[in-house]
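Listed below are the residues making up each chain.
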Amino acid sequence: MSRYNFKEVEYRWQQQWAHQNLYQCAPDSSRPKYYVLAMFPYPSGKIHMGHVRNYTITDVIARYKRACGYNVLHPMGWDAFGLPAENAAMQHHVHPARWTYENIAQMQEQMKSLGLSIDWSREVMTCHPDYYRHEQKMFLDLWDKGLAYRKQSVVNWDPVDQTVLANEQVIDGRGWRSGAVVEKRYLWQWFFKITSYTKELLSGLETLTAWPDKVRLMQQNWIGMSSGALIRFALRNRLDHLEVFTTRPDTLFGASFCAISADHPLAVTLGKSNRQIALFLDECAKSAVNEATLEKLPKKGIDTGLKAVHPFNPTVELPVFIANFVYMDYGTGAIFGCPAHDQRDLEFARQYNLPVKPVVIPKNQPAQGFTIRDIAFTDDGVLQHSDFLNGLSVEEAKLKATQHLTKLGRGHATNVFRLRDWGVSRQRYWGCPIPVIHCPECGAVPVPVDDLPVVLPDDVSFNQPGNPLDHHPTWKYVDCPRCGRSAQRETDTLDTFVESSWYFARFCSSSIAQPFLASDTQYWLPVDQYVGGIEHAILHLLYARFFMHALQDCGYPVPKEPFHGLFTQGMVIHETYKHQKGHWLFPTEVEKQGDHYICSADGSPVTVGRSEKMSKSKKNVIDPGQIIEMYGVDTARWFVLSDSPPERDFEWTSSGVEGAWRLVQKIWRLLTLRTIAPQNPIKDNNAFRRIMHKTIAGVTTDIENFRFNRAIARIYEYINAFHEHMDRNCLQEGLEALVLLIQPFMPHLAEEMWHQLGHKTSVTLQPWPKADPALIEEDSIIIAIQVNGKMRDTITVRKDIPNAELEAAVCQRSIVQKTIGSQAIKKSIIVPNRLINIILG
RNA sequence: GCGGGUGUGGCGGAAUUGGUAGACGCGCCAGACUUAGGAUCUGGUGACGCGAGUCAUAGGGGUUCGAGUCCCUUCACCCGCACCA
């Protein structure tokens, strides 16, 4: 028998499968449906190992579920709008559309070589008007419902390039191209009112039991509900008030200042008449817009000279600061500071010499002598120096303080959320045009539905900074659909997260004129199993959930929760190699010599760094195309699932992939067992069958639970059993079971072997093998023997042996007797069929 | 900074969810067969110890008859932080 020729076999079966339309699906009420979806890729032009891992996971699930009798939908599409296309346009003078469509064509070809059981007839490209026209209609429907609105909002502004920068284009506070210090700028932008659904998005999390707990927790924290109180501080010698939100009304007597955000209307007003304040506001405007950076800034502020009146004691006045750690987006954009019980307030107070007055004392500690140094006291304790709150716990005091505020008419209990509305405006060309016309008379007017889609113009130039739509000579000049006067199109396009918020619904009816049919979405949705990276745990998944809530309220036939099951796979990582001259080397540029690496080109030593996420910049990438060329795609699929649990990072190693490749050959060689004379013709049929059925049962539950690495380990054990326990009478049966079990992982090898075993139809159409529980039963088992909790021995006994009998048998063992010696047995703990622990007195 | 996670032999990992730590694979060692192959097969392989045994699941502490698993704490690394997708 010749070696397994993966190239010929894989190509042949891929042709056949495509020819037979094996993976095309349609609603079928007679079968249960199963919708399995990988997060669709951005068409960068080349697939990477992360893609291979992601799509292998969904393909294993798809093939397994198909074998279990489900009507499986496993589609694929392209998240095709976005920044990289515009960067390519600027760097290489390629039109974003051309660049994107060419990338899609290339990637599609590569993806097809993975042997995925995808229904390609449903492919979508979000940059195509056939896709985004529906999104424009959705935008208008949301607007109509009050779920889209405009407000002024901040962007990163590059003063040299005169353009808006994405956060990733801001490096250390400077524009990535110009190097200019990035400023904040306020623009009128469109927002989706995700905050209208805060409660539903929060309570919906409880229903998503097939999601990882960590993702639900992350979303819950992101929405971030805080219970507290709204307090109105009177301002001395002024008519207006300062509204403050706090989660700690109990600490009001420890307040030593108030602080407002630099973006607070009061701060802006004060800045107009006070140069010092204006300078400070300018300084704040220069800082970055992202939270991670802001949180690390040293606390800074400026005293406005205003005095806030303490709500419980009008004789106490608190200075009002403008502070860089107070955010306008959260609460009311104003706080009162109690330095003793809040770390940020404490740091601020130390800097500006504000009093630090503890009002909560740790339990069982004298109030005298309790002082705060560098760490604020934020735990529960007993209220002190707080008038009517004295002696209460923090919880009690929160309640009483809030009640008192309400009585005084100076505040009330309220909940505040961290979640902010979703800003969807992008000042960019390569995105879905927002279908709005701005008329000097009528304001913002929707583009009439009959005029949709608003198509992106092709003739754009990237030679000047800013948004090409904005400086296009004609595109934006139109007549107002309402009054007919000259007006201008909205030149902002939509955030690409909008496309990914409904593509899974489009897959249900991708080729029709409507966005989707109720009969399709009601059959297919929700997605039964969604698979993608943990990096999407919050934004993408939350936006998609919101979008479905909103679309449903606009009358679209979609469920509120789009993703029933979620699985987040880990990254693919690889060692890094550094040349002694300091530059990175590709894995293909180094070779192993003994236990170290050298550069193939010049033989110089190479420093091996720890494994990290594959990235172009560090060159620690493995091209799936080359791997498929060398080893075949079944080997690659097998390997990416074999070594690590799928939710964890997976380390790509050359020895690992070779091991997988050897396994493919090894499985293939099992066919030769049929032709050689068995050395031991009579063996234990039952022993082999037991292993076989144990394997079937184990692999089944492992796939159900996404433990693909464990399933694969079981298949290895099973293959070993062919040599140890094989009886020729079981051979055909044993091989068929093996082929059915590897089919989801290595479809090409499985299909070829299936035909070699004498079958004429595709292995894809075969039902999943069933384990016979009776065959798995063992009648004798090994029980662990512990003495005082220490492992001493094992004993083989019949299953379900009575305790007394077991104890007697165990005490006969010489090791046990020796360990016990002359000591008395106090008691013994027996875990049935597992363990006995003898406790000595 | 905040939120979420991960940590087990030389390496990737397994452990019936509180009950024999190290399944399976890689690597390494030995043997067999061929000896032109990086092929294949068999056996061994956590550390220390001649041994009975002792020590081992990032470090420290705790709960328990029993802890990789539960609790407290320290450290390291990873993901997200709202305009990358």
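Residues numbered from 1 in each chain as written. Chains lettered and ligands numbered in written order. Predicted model: local features only at pLDDT ≥ 70, side-chain atom pairs only at ≥ 80, totals over all residues. Heavy atoms only, no water.

> It is not clear to me how the overall build of chain A should be interpreted in this structure. Could you clarify?
A count of helices and strands for chain A gives 26 helices and 35 strands. Once the C-alpha set of chain A is aligned to its principal axes, its extents read approximately 105 × 85 × 65 Å. Looking at chain A as a whole, 52% of its 841 residues are labelled buried. Within chain A, counting contacts between residues at least 6 apart in sequence, those at least 24 apart form 70% of the total. The averaged location of the 91 negative side-chain charges in chain A is 4 Å from the averaged location of its 90 positive side-chain charges. (Helix = DSSP H or I, 4+ residues; strand = E, 2+ residues; numbered from the N terminus. Buried < 20%, exposed > 50% of the residue type's maximum accessible area, 1.4 Å probe, protein only. Contact = heavy atoms within 4.5 Å. Lys, Arg positive; Asp, Glu negative; His and termini not counted. Charge placed at Lys NZ, Arg CZ, Asp CG, Glu CD.)

> Where do I start with the pairing of strand β7 (residues 183-192) in this structure?
Both faces of the sheet carry side chains from a regular strand, because those side chains alternate between them. Sheet analysis places strand β3 (residues 148-158) next to β7, joined by ten bridges and oriented antiparallel. Paired with Q152 across the bridge in β7 is W188. The sheet contact formed by β7 and strand β17 (residues 422-423) spans two bridges and is antiparallel. By the bridge assignment, F191 is partnered in β17 with G423. (Pairing = 2+ DSSP bridges.)

> Teacher, can you tell me more about empty space enclosed by the protein here?
The gaps of empty space that remain are located by a probe, the size of a water molecule, rolled over the atoms. Per the counting criterion, the structure on display carries two cavities of 30 Å³ or more. Of the voids in this model, the largest cavity is the one considered here, and its volume is about 50 Å³. Along its surface, the largest cavity is lined by L294, E295, L297, P298, K299, N324, F325, Y327 and R344. Its residues assigned to classes, the lining of the largest cavity shows five nonpolar, one polar and three charged. One number sums up the size of the second largest cavity: a volume of about 50 Å³. Considering the residues around the second largest cavity, the lining is formed by N156, V170, G173, V182, E183, K184, K286, S287, A288 and V289. For the lining of the second largest cavity, a count of residues per class yields four nonpolar, three polar and three charged. (1 Å grid on protein atoms, 1.4 Å probe; cavity = no way out; pocket = protein on both sides within 12 Å on 5 of 7 lines; lining within 4 Å. Points joined across faces, edges and corners; volume = space filled by probe spheres on them. Nonpolar A, V, L, I, M, F, W, Y, C, P; charged D, E, K, R; others polar.)

> For this particular structure, what's the right way to read the side chain of T491?
Relative to the helices and strands, T491 resides in the loop between β22 (486-489) and β23 (493-494). For T491, the residues in contact, after removing those within four places along its chain, are R428, N467, L469, D470, W475 and K476.

> Can you walk me through the packing of aromatic side chains in this structure?
Each pair of aromatic rings is reported with the distance of its centres and the angle of its planes. The final tally for this structure, using the stated rule, is 53 aromatic pairs. Judged by centre distance (4.0 Å) and plane angle (10 degrees), the rings of Y530 and F563 are stacked. Residue Y530 is found in strand β24 (residues 527-533), and its partner F563 is found in strand β25 (residues 563-569); the two are separated by 33 residues along the sequence. Comparing Y530 with F563, the two get one shared label, buried. Considering the side-chain rings of W638 and F745, the 5.8 Å spacing of their centres and the 80 degrees angle between planes classify their relative orientation as edge-to-face. Pair noted here: W638 is in helix α18 (residues 633-642) and F745 is in the loop between α22 (731-742) and α23 (747-756), with a separation of 107 residues, a long-range link. A single burial state applies to W638 and to F745, both of which are buried. The ring centre of W157 lies 4.1 Å from the NZ or CZ of R185, which sits over that ring. Directly above the ring of W222 sits R418, whose terminal nitrogen or CZ lies 4.5 Å from the centroid. (Phe/Tyr/Trp six-rings, centres within 6.5 Å; stacked < 30°, edge-to-face > 60°. Lys NZ or Arg CZ within 6 Å of the ring centre and 35° of its normal.)

> It is not clear to me how the sheet that holds β22 should be interpreted in this structure. Could you clarify?
In a beta sheet, neighbouring strands are held together by backbone hydrogen bonds and run either parallel or antiparallel to one another. Read across the open sheet, the four strands follow the order β20-β19-β22-β21; overall the sheet is antiparallel. Looking at which strands have only one partner, the edges of the open sheet turn out to be β20 (443-446) and β21 (477-479). For this sheet the average axis-to-axis angle between neighbouring strands, irrespective of direction, equals 40 degrees. In this sheet, β22 lies alongside strand β19 (residues 436-439) in antiparallel orientation, the contact comprising two bridges. (Axes fitted to C-alpha atoms, helices over the stretch in contact; angles between N-to-C directions.)

> Explain the pattern of salt bridges to me, please; I cannot follow it from the model alone.
Here the idea is simple: oppositely charged side chains can pair when their charged atoms come close. Going through the model one piece at a time under the given rule, you end up with 34 salt bridges. In this structure, R420 and D329 form a salt bridge, with 3.7 Å as the shortest nitrogen-oxygen distance. Residue R420 is found in the loop between β16 (411-417) and β17, and its partner D329 is found in the loop between β12 (317-323) and β13 (334-337); the two are separated by 91 residues along the sequence. On the basis of relative accessible area, R420 is assigned to the partly exposed category, the value being 48%. (Salt bridge = Lys/Arg side-chain N within 4 Å of Asp/Glu carboxyl O.)

> Explain the layout of surface pockets here, please?
Taken as a whole, the second largest pocket spans an internal volume of roughly 740 Å³. What lines the second largest pocket is a set of 29 residues, and nearest its centre among them are Q14, E109, K112, S113 and G115. Mapped onto the lining of the second largest pocket, the elements with two or more residues apiece are α1 (6-19), α4 (96-112) and α17 (624-631). For the lining of the second largest pocket, the element with the highest residue contribution is α1, accounting for eight residues. Taken together, the residues of the lining of the second largest pocket break down into 13 nonpolar, ten polar and six charged.

> Can you walk me through the packing of helix α19 (residues 654-669) against α23 in this structure?
Close contact between α19 and α23 brings their axes to 11 Å; oriented N to C, the two are set at 10 degrees. If you check the angle between α19 and α23, you find them roughly parallel. For the pair α19 and α23, contact is made by V664, I667 and W668 and by L749, E752, M753 and Q756, respectively. When the residues that make up the contact of α19 with α23 are grouped by side-chain class, the tally is five nonpolar, one polar and one charged. (Parallel < 35°, antiparallel > 145°, perpendicular 65-115°, else oblique.)

> Looking at this structure, I do not really get the protein's contact with RNA strand B. What am I missing?
Near RNA strand B lie 70 residues; those nearest to it are D79, N167, R428, R834 and N837. Considering the 4 Å shell around the protein, atoms of RNA strand B inside it are sugar or phosphate in 66% of instances. Within the backbone of S425, a nitrogen or oxygen atom sits 3.5 Å from a base nitrogen of RNA strand B. At 3.0 Å, a side-chain N or O of E658 approaches a base nitrogen of RNA strand B. Of the residues forming the surface near RNA strand B, the biggest block, seven residues, is contributed by helix α21 (residues 708-725). (Near = heavy atom within 4 Å. Polar contact = N/O pair within 3.5 Å; in protein donor to acceptor, adjacent residues only side chain to side chain.)

> Before we go on, may I ask you to explain the nonpolar core in this structure?
Most often, soluble globular proteins keep nonpolar side chains buried together rather than apart. Among the nonpolar cores identified, the biggest contains 175 residues, and F504, F547, W652 and F745 are the most heavily contacted of them. Aside from chain neighbours lying at most four places away, what touches F745 is V60, D634, R637, W638, L641, I703, F708, A711, I712 and I715. Membership of the second largest hydrophobic core comes to 45 residues, among which are C258, A267, F312 and C338. (Core = buried A, V, L, I, M, F, W, Y, C linked by side-chain atoms within 4.5 Å.)

> Could you clarify how one ought to interpret helix α7 (residues 213-223) in this entry?
V215, R216, Q219 and I223 are the residues of α7 that are buried. Burial along α7 is one-sided: seen end-on, the buried residues are contained in an arc of 100 degrees. Buried residues along α7 sit in contact with α6 (198-207), β8 (225-235), β16, α16 (539-553) and β25. In the stretch just after α7, G224 is the one whose phi turns positive, near 55 degrees. (Arc of directions from axis to C-beta.)

> Help me understand the environment of V326, please; the structure alone is not making it clear to me.
Relative to the helices and strands, V326 resides in the loop between β12 and β13. Among the residues examined, V326 registers a relative accessible area of 6% and is labelled buried. When the C-alpha positions of V326 and R689 are compared, they lie 69 Å apart, and in sequence the two are 363 residues distant. Those residues within four positions of V326 in sequence are excluded, and the remaining contacts are A259, I260, S261, G333, A334 and I335.

> Just to check I follow, could you spell out α23 for this structure?
Note on helix geometry: an α-helix contains 3.6 residues per turn, so any two residues three or four positions apart are oriented the same way. Counted residue by residue, α23 has eight buried out of ten residues, so it is predominantly covered. Of all the positions in α23, only P747, H748, L749, A750, E751, E752, M753 and W754 are classed as buried. After α23 finishes, the residue G758 shows a positive phi value of roughly 105 degrees.

> Please explain the packing of α18 against α19 as it appears in this structure.
When two helices pack together, their arrangement is given by the angle between their axes and by how far apart the axes lie. The interhelical angle for the contact between α18 and α19, taken along N-to-C directions, is 120 degrees, at an axis separation of 9 Å. On the basis of their axis angle, the class for α18 and α19 is oblique. At the point where α18 passes α19, the crossing takes the right-handed sense. Here α18 contributes T635, W638 and F639 to the contact with α19, which in turn contributes G656, V657, A660, W661, L663 and V664. (Left-handed = near helix turned anticlockwise from the far one by under 90°.)

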